[in-house]
Amino acid sequence: MATSADEVRQFPRPPVTFTDQRSRTLEITAYDGDPSPLVGMYAQFDNESRAQGVPPRGETQIREWVETLLDEGLNVVVWHDETAVGHAVLIPEGESSELAIFVHPEYQSAGIGTRLIEVLLGHGQENGLDHVWLAVERTNHVAMKLYDGVGFETRLRDRAEHEMERPL
């Protein structure tokens, strides 16, 4: 991967308060607490809001999945008042960490995903991580544009998905 000026970018650290494009005041915090707020958020996702099998279906499966993410990863959550409306996580895998991001369907297309990823990457920098990767469905052009905007580059293309990466 080529070296670029964006590689040394310092991302914001949680907590971050901001106003989205629909004039809602939101806060992004580091999170390792009770899984219930995230389970509640993910239980509201419809089929169009799922990608690559996640979030899983069913409250029991969602709870187990969220507990694993909270136990193994660095997590940040977007809050609107007391309600979780977004979640992103970095899961360590050897020398790198896998990124996953989810925004509640009613909060999408309002600039939240960009802020969420930036704060997650800052949380990763703060915790000594130095490389992040992700997989995205090749037809998800909105997500690919989002990832490209924060400095991810495609490292592998196949029929179903692209793998993207960036140094921290």
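These notes cover the structure that comes with them.

Rules behind the numbers
- Each residue is numbered by its place in its chain's sequence as written, counting from 1.
- Per-residue local features of the predicted model are confined to residues with pLDDT of at least 70, and side-chain atom pairs are confined, for both listing and counting, to 80 or more; whole-chain, interface and lining totals are unaffected and use all residues.
- In computing side-chain properties, one takes all heavy atoms of the structure into account and sets aside hydrogens as well as water.
- If DSSP finds at least two bridges between two strands, the strands pair.
- In this text, helices come from DSSP runs of H or I with a minimum length of four residues, and strands from runs of E with a minimum of two, each type numbered from the N-terminal end.
- Between the N-to-C directions of two axes lies an angle of 0 to 180 degrees, each axis being a line fitted to C-alpha atoms and, for a helix, fitted only over the stretch in contact.
- Among buried residues, those of type Ala, Val, Leu, Ile, Met, Phe, Trp, Tyr and Cys that are joined through side-chain atoms within 4.5 Å constitute a nonpolar core.
- We call a residue buried when its accessible area falls under 20% of the maximum for its residue type, exposed when it is over 50%, and partly exposed in between, using a 1.4 Å probe and counting protein chains only.
- The contact rule is simple, with two residues in contact once any of their heavy atoms fall within 4.5 Å.
- When a carboxyl oxygen of Asp or Glu is within 4 Å of a side-chain nitrogen of Lys or Arg, the pair counts as a salt bridge.

**A short note on the sheet that holds strand E3 (residues 74-80)**
Right, so step 1: If you trace the 8 strands from one edge of the open sheet to the other, you get E1-E2-E3-E4-E5-E6-E8-E7, paired in mixed fashion. Only two strands of the sheet have a single partner each, and these edge strands are strand E1 (16-19) and strand E7 (153-157). Taken pair by pair, the neighbouring strands of this sheet meet at an average axis angle of 25°, ignoring direction.
Right, so step 2: Relative to strand E8 (residues 161-167), E7 is paired through 4 bridges, and the arrangement is antiparallel.

**Details of the nonpolar core**
Right, so step 1: Counting residues in hydrophobic clusters, the biggest one holds 33 residues, and the most contacted among them are Leu-99, Ile-112, Leu-116, Ile-117, Leu-121, Tyr-147 and Phe-152.
Right, so step 2: Of all the secondary structure elements, the ones that give two or more residues to this core are E1, strand E2 (25-30), E3, strand E4 (83-93), strand E5 (96-103), helix H3 (112-126), strand E6 (131-137) and helix H4 (141-149).
Right, so step 3: The element that contributes the greatest number of residues to this core is H3, accounting for 6 residues.
Right, so step 4: Setting aside residues no more than four positions away along its own chain, Ile-117 makes contact with Leu-99, Ile-101, Leu-146, Tyr-147 and Val-150.
Right, so step 5: Core analysis: the next-biggest nonpolar cluster, separate from the first, contains 17 residues, Val-66, Leu-69, Val-77 and Ile-91 among them.

**Some points on the pattern of salt bridges**
Right, so step 1: Under the counting rule described, the total for this entry stands at 4 salt bridges.
Right, so step 2: The partner of Glu-165 in a salt bridge is Arg-155, and the shortest N-O contact between them spans 3.3 Å. Of this pair, Glu-165 sits in strand E8 while Arg-155 sits in strand E7, and the two are 10 residues apart along the sequence.
Right, so step 3: According to the relative accessible area criterion, Glu-165 is buried, its value standing at 13%.
Right, so step 4: Given the relative accessible area of 37%, Arg-155 is considered partly exposed.
Right, so step 5: Through salt bridges with shared partners, a single ionic network connects Arg-155, Glu-163 and Glu-165.

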